[in-house]
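This is what each chain is made of:
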Amino acid sequence: MKPKRVLSEFRNEPLTDFSKPENRKAMQEAIERVRSELGKEYPLIINGEKVWLEEKFQSINPANKSQVVGIFSDADSDAENLVEKAIESATEAFKSWQWVEPEERAEYLFKAAQILRERKHYFSAWMIFEVGKTWTEADADTAEAIDFLEFYGREMIRWAEPQPLVPSPLPEKNELEYIPLGVGAIIPPWNFPLAIMCGMTTSAVVTGNTVVLKPSPDAPTIAYKFMEVLEEIGLPKGVVNFLAGSGTKVGEILVAHPKIRFISFTGSKAVGLKIYEEAAKTRPGQKWMKRVIAEMGGKDAIIVCDDANLDEAAVGIVQSAFGFQGQKCSACSRLIVDEKVYDALLEKVINLTKQLKIGDPTDPETQMTAVINQKAFDKAISMIQKGVEEGGKIVLGGKGDNSKGFYVEPTIITDVKPGTTVEQVEIFAPVLAVIKVKNYDEALEVANDTEYGLTGSVYSTSQEKLDRAKREFHVGNLYLNRKCTGALVGVHPFGGFNMSGTDSKAGGREYLLHFMQAKSIAQKI
Ligand code: NAD
């Protein structure tokens, strides 16, 4: 037997310090390289073969909408047939991939991590162009992708070890093994186009499954760049098949297919619920109940108590609400403030927000840029109007400009009443609803009065209040005296309650179990 590789303990990938001239230069060069590669055509990948189609769709730069990032063969044009072929390819590949030793499967992930690490800025630069990430947001996305690869690789090795069982009273040898499920559909969102897409795909693969990956039509290029990495590391053909197309066509056909054993989805509540329902129907020829891992939206709140450090709170709020234009499932979209500190806090939040530099994401100084597409722009603007109609007051921002890209001003709406639309519906844009409350009891009540339960944060200097939040604030990821975004793999396993999804806790020690089933084996001795 070949000797086991000694692995270092998992640690998060460090973020790049862009104040250092050499790092700035390296990123600038990566941006120029990617700029020179924009507008290329990309195929689908089925069983390792490149499939070019007549019909295409384009992915564009949201901050500069006339700039085409990538042109993709559109799987929608022959969806039934292509889904069938991709599933056939994955089914065939599963026959051998399921038997590849877990350590060997993990090794593929470590190799992919190494490539991402070596070409970090290149991958980040693609996100700058394709989804409007600023330098630091893109860098964090790439670092998180590396973390997922390193973490899930190690986790697979851990789950492959002998599992603890109670000694049998009978003369027998007992074992419990985790085995893969089969062929899965991987349906990621566009907002963490490298990290989430990579984490969802490789967690399924390292556990011995094979998959069909349908990237978001808003971020197919970065997913294709990751497919190139998988090819480079020599991942066997058919283990990951790539179908670029829409959710409503390719996505729906994939979800409904009887040969799909599980669906790993991250995205909006509406789509997640639809997938959950469709996956529950048994189709002719189907031999299993499909498993659904669905991580969905949020309406995340930060509570600021009367005894909070307001300067620290203001910084955390602005980062959580406006980082990546509010387009994180963890973003703070509700600010719940004790009336005793309401005016003082608001002034600080407004002042800090005014200082945000809005512009093109290729500029290293830019802190906020455009939202992802016209639909997101329209939704943000109509929600801001709705907020005003329902009695809110715009104290900052409120307008948009989509002449060059889909720019929405960082917007703060005060006097928002609990239960109104902007207080309940996920907007997924730089729009912060501010709610004034009388005391901490009311703050917790308002915070929990949502169908979601993803992230939340409380700022207070009272340990008693923080302890109460631990018990009473019903969210999957609770943060105390810090921002509610920026979960780290392994450190803050991520996933929400209620309509925020199945609480799969991505980047946590139990995550890989979603992609495996346990087999208990007893042999008489
Ligand atoms: P979305 O739901 O519009 O799309 C997600 C994916 O589903 C895309 O690949 C899309 O093409 C596909 N899809 C759309 N309709 C489908 C259908 N009928 N059948 C099958 N697939 C379909 O979400 P989005 O705009 O890409 O992402 C933003 C959403 O994702 C927000 O709600 C955000 O909160 C959520 N999100 C959640 C997490 C989390 O961990 N909980 C993380 C990131 C994003």
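Small disclaimer: the values here were computed from a predicted structure and weren't measured.

Structural notes on the environment of isoleucine 115
Working step 1: In this fold, isoleucine 115 is placed in helix 3 (residues 102-118).
Working step 2: The sequence separation of isoleucine 115 and leucine 230 amounts to 115 residues, and the corresponding C-alpha distance is 9.9 Å.
Working step 3: If we ignore the near neighbours within four places in the chain, the residues touching isoleucine 115 are Val229, Glu232 and Ile233.

Structural notes on the packing of aromatic side chains
Working step 1: Scanning the model with the defined rule gives 18 aromatic pairs in all.
Working step 2: Summarising the aromatic geometry, the rings of phenylalanine 18 and tryptophan 135 are spaced 5.1 Å apart at their centres and angled 70° between planes, so their arrangement reads as edge-to-face. Of this pair, phenylalanine 18 sits in the segment before helix 1 (21-37) while tryptophan 135 sits in helix 5 (residues 135-159), and the two are 117 residues apart along the sequence.
Working step 3: Accessibility expressed as a relative area gives 9% for phenylalanine 18, which makes it buried.
Working step 4: Judged by relative accessible area, which is 2%, tryptophan 135 ranks as buried.
Working step 5: Taking the centre distance of 6.4 Å and the plane angle of 45° together, the rings of phenylalanine 72 and phenylalanine 242 count as tilted.

Examining the domain arrangement of the chain
Working step 1: What the domain assignment lists for the chain is domain 1 (27-169 + 183-296 + 504-509) and domain 2 (300-488).
Working step 2: One C-alpha centre belongs to domain 1, the other to domain 2, and the line joining them spans 30 Å.
Working step 3: With 24 residues of domain 1 in contact, the opposing surface of domain 2 contributes 32 residues.
Working step 4: Taken over both partners, the interface formed by domain 1 and domain 2 buries close to 2,200 Å², and the fraction arising from carbon and sulfur atoms is 59%.
Working step 5: Broken down residue by residue, the surface that domain 1 buries against domain 2 is led by Ala63, Lys65 and Trp190, which jointly contribute 24%.

Thoughts on the sheet that holds strand 5 (residues 64-73)
Strand-to-strand pairing in sheets goes through backbone hydrogen bonds, with the strands running parallel or antiparallel.
Working step 1: Across the sheet, which stays open at both edges, the three strands sit in the order 1-5-4 with mixed pairing between neighbours. What marks the edges here is a single partner per strand, and that holds for strand 1 (40-42) and strand 4 (56-61). Averaged over neighbouring strand pairs, the angle between their axes works out to 35° when direction is ignored.
Working step 2: Here strand 4 pairs with strand 5 via six bridges, running antiparallel. Counterpart to isoleucine 60 in the pairing with strand 5 is valine 68.
Working step 3: The sheet strands contacting helix 7 (residues 220-232) are strand 1, strand 4 and strand 5, and the helix crosses strand 5 at an angle near 45°.

Notes on the site of the ligand
Working step 1: Of all residues adjacent to the ligand, which total 27 residues, the nearest are Pro188, Lys214, Ser268, Met296 and Glu426.
Working step 2: Take lysine 214: an N or O atom from its side chain is 2.9 Å from an oxygen atom of the ligand.
Working step 3: In this structure, an oxygen atom belonging to the ligand sits 2.6 Å away from a side-chain N or O atom of serine 268.
Working step 4: Burial of the ligand by the protein amounts to 88% of the accessible area it has alone, namely 840 Å².
Working step 5: For the shell around the ligand, the secondary-structure elements that each account for two or more residues are helix 8 (247-256), strand 10 (262-266) and helix 9 (269-279).
Working step 6: Ranked by the residues each element gives to the shell around the ligand, the list is headed by helix 8, at three residues.
Working step 7: Among the residues making up the shell around the ligand, the classes are represented as 15 nonpolar, eight polar and four charged.
Working step 8: Among the domains, domain 1 (27-169 + 183-296 + 504-509) and domain 2 (300-488) are the pair contributing at least three residues each to the shell around the ligand.

Conventions we followed
Residues numbered from 1 in each chain as written. Predicted model: local features only at pLDDT ≥ 70, side-chain atom pairs only at ≥ 80, totals over all residues. Heavy atoms only, no water. Helix = DSSP H or I, 4+ residues; strand = E, 2+ residues; numbered from the N terminus. Contact = heavy atoms within 4.5 Å. Phe/Tyr/Trp six-rings, centres within 6.5 Å; stacked < 30°, edge-to-face > 60°. Buried < 20%, exposed > 50% of the residue type's maximum accessible area, 1.4 Å probe, protein only. Domains from an automatic or database assignment. Buried area = accessible area lost by both parts, 1.4 Å probe. Pairing = 2+ DSSP bridges. Axes fitted to C-alpha atoms, helices over the stretch in contact; angles between N-to-C directions. Near = heavy atom within 4 Å. Polar contact = N/O pair within 3.5 Å; in protein donor to acceptor, adjacent residues only side chain to side chain. Areas by Shrake-Rupley, 256 points an atom, 1.4 Å probe, with all protein chains shown as cover. Nonpolar A, V, L, I, M, F, W, Y, C, P; charged D, E, K, R; others polar.

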